[in-house]
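The lines below spell out each chain.
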Amino acid sequence: MPLEGEYEPSPEQWVRDQVELYERSGGTKGNTSPDVGLPVVILTSRGAKSGKIRKTPLMRVAHEGRYAVIASQGGAPKHPVWYFNLMAEPHVELQDGPVKQDMRARQVADGERAEWWERAVAAYPPYADYQRRTDREIPVFVLEPASFNTN
């Protein structure tokens, strides 16, 4: 079931612009990162504090119908805001090009994290630099279609 509620655009202009272009074009434009031109997806989550719908462009890390989203925030010392959204409410939507899916997010650890981290660095090599910049272990969430989730 799609997330419903009031949409609150990002305070960051570039994020608002990319989300708007991505959605307006049905995923055919704005679907690469402005800095390196690699594929991105749009993550839609519910704000942990506000309850409002939030949309975030993130690097595309996909494997066998599942996706990973990496809470790197460029190697900043704190988690990005959307990390807290997923911790509070794991039901999200993911748009990959023209395809939108209901997904469930779960933070992964240990061997599963290592496996997805390797995929993430292969998809977007700067993640390795981001991890070196921070003392925190960068969280990795796996997004699975709602039909995959047995909980």
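Residues numbered from 1 in each chain as written. Predicted model: local features only at pLDDT ≥ 70, side-chain atom pairs only at ≥ 80, totals over all residues. Heavy atoms only, no water.

When you look at the layout of surface pockets in this model, what are you seeing that I'm missing?
Left-over empty space is what a probe sized like a water molecule reveals as it rolls over the atoms. Estimated volume of the largest pocket: approximately 950 Å³. Lining the largest pocket are 36 residues, with Val-15, Thr-56, Leu-58, Pro-80 and Trp-82 sitting closest to its centre. Listing elements by their share of the lining of the largest pocket, those giving two or more residues are α1 (13-24), β2 (53-59), α2 (81-88) and α4 (126-133). Take the lining of the largest pocket: its biggest share by element is six residues, from β2. Among the residues making up the lining of the largest pocket, the classes are represented as 18 nonpolar, eleven polar and seven charged. (1 Å grid on protein atoms, 1.4 Å probe; cavity = no way out; pocket = protein on both sides within 12 Å on 5 of 7 lines; lining within 4 Å. Points joined across faces, edges and corners; volume = space filled by probe spheres on them. Helix = DSSP H or I, 4+ residues; strand = E, 2+ residues; numbered from the N terminus. Nonpolar A, V, L, I, M, F, W, Y, C, P; charged D, E, K, R; others polar.)

Where do I start with the side chain of Thr-56 in this structure?
Along the chain, Thr-56 turns up in strand β2. Discounting chain neighbours no more than four positions away, the residues touching Thr-56 are Val-41, Ile-42, Leu-43 and Trp-82. (Contact = heavy atoms within 4.5 Å.)

Can you help me understand the pattern of salt bridges in this one?
Pairing is possible between side chains of opposite charge, provided their charged atoms come close. Summed over the entire model, instances satisfying the criterion amount to twelve salt bridges. Here Asp-96 and Arg-60 are joined by a salt bridge, their closest N and O atoms 2.8 Å apart. Of this pair, Asp-96 sits in strand β5 (residues 91-96) while Arg-60 sits in the loop between β2 and β3 (62-63), and the two are 36 residues apart along the sequence. With a closest N to O distance of 2.4 Å, Asp-129 and Arg-132 form a salt bridge. Remark: Arg-132 and Asp-129 occur in helix α4; sequence separation between them is three residues, near one turn of the helix. A relative accessible area of 62% places Arg-132 in the exposed class. Where salt bridges share partners, they join Glu-6, Glu-8, Lys-52 and Arg-54 into one cluster. (Salt bridge = Lys/Arg side-chain N within 4 Å of Asp/Glu carboxyl O. Buried < 20%, exposed > 50% of the residue type's maximum accessible area, 1.4 Å probe, protein only.)

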